[in-house]
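Results of the structural survey
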Amino acid sequence: PLFGGYLCMLLIGQYFSRFGVKNTKCGFVISCVLFVLMLVFNVIATFFEYNKSNTDYLFFDNRIYLPILLQSVCIFYIASFIRIPEKYAKIISYIGSCTFGIYLISDMTIDILRPMYITASTVMHPLFAVILFEICVFVVGFIATVLLKKVLFIKKLL
């Protein structure tokens, strides 16, 4: 399952990259409805799993779980309707070019920044603390990736 989910994401990304996305009103509506249906399904499934075992229900948080993959594809399609001015598109493209490096070092960054999350969750609502934590993980990972891209032999990998 682990390999299949990532392979599915790779193939979907390649399909969109090679053949583009045909933006239609019908496709937009279908994507919005499918996104909401999968979201409702995930919330209900998580609720039932939590009630069954409140310690082992987070497999619905798995990014390769089919409903979550479908939600990702829907978001990608919906985002394709957004037109971004060229000056911002370059910035977004540069950030996008760093996401592989951010992903590679994310586990290490999470471990390093975990004390910050623990402290933040004691002084604010845990939802806000985790959002702040994820933003910090992304920013620290982005800065590290930008710095690593300056090293010649690593630049080609990232």
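Since the structure is predicted, the reported quantities are computational estimates derived from the model, not experimental observations.

**With respect to the overall build of the protein**
Helices and strands together make up the secondary structure of the protein, namely seven helices and zero strands. Walking the protein from its N terminus toward its C terminus, one meets helices and strands in the order α-α-α-α-α-α-α. Taken across its 158 residues, the protein has 23% of its residues classed as buried. Carbon and sulfur atoms make up 74% of the accessible area of the protein, which amounts to about 11,800 Å² in all.

**Observations regarding the packing of helix H2 (residues 25-52) against helix H3 (residues 66-79)**
The N-to-C vectors of H2 and H3 enclose an angle of 150°; their axes lie 9 Å apart at closest approach. Taken as axis vectors, H2 and H3 run roughly antiparallel relative to one another. In the packing of H2 onto H3, the handedness of the crossing is left-handed. Contacts between H2 and H3 pair Gly27, Phe28, Ser31, Cys32, Leu34, Phe35, Met38, Leu39, Phe41 and Asn42 from the former with Pro67, Ile68, Leu70, Gln71, Cys74, Ile75, Tyr77 and Ile78 from the latter. A class-by-class count of the residues in the contact of H2 with H3 yields 14 nonpolar, four polar and no charged.

**Here we look at helix H6 (residues 126-148)**
Its 23 residues give H6 an end-to-end C-alpha distance of 32 Å, which sits within 8% of 33 Å, the value for a rise of 1.5 Å per residue. Among all positions in H6, only Ala129, Phe133, Val137, Gly141, Thr145 and Val146 are buried. Check the buried side of H6 and you find it contacts helix H4 (86-97) and helix H5 (99-123).

**Quick notes on the pattern of salt bridges**
Per the counting criterion, the structure on display carries one salt bridge. Note that Asp111 and Arg114 form a salt bridge whose closest N and O atoms lie 3.0 Å from each other. Of the two residues, Asp111 and Arg114 are both situated in helix H5; the distance of three residues between them amounts to about one turn of the helix. For Arg114, a relative accessible area of 38% puts it in the partly exposed group.

What counts and how
Residues numbered from 1 in each chain as written. Predicted model: local features only at pLDDT ≥ 70, side-chain atom pairs only at ≥ 80, totals over all residues. Heavy atoms only, no water. Helix = DSSP H or I, 4+ residues; strand = E, 2+ residues; numbered from the N terminus. Buried < 20%, exposed > 50% of the residue type's maximum accessible area, 1.4 Å probe, protein only. Areas by Shrake-Rupley, 256 points an atom, 1.4 Å probe, with all protein chains shown as cover. Axes fitted to C-alpha atoms, helices over the stretch in contact; angles between N-to-C directions. Parallel < 35°, antiparallel > 145°, perpendicular 65-115°, else oblique. Left-handed = near helix turned anticlockwise from the far one by under 90°. Contact = heavy atoms within 4.5 Å. Nonpolar A, V, L, I, M, F, W, Y, C, P; charged D, E, K, R; others polar. Expected span 1.5 Å × (residues − 1). Salt bridge = Lys/Arg side-chain N within 4 Å of Asp/Glu carboxyl O.

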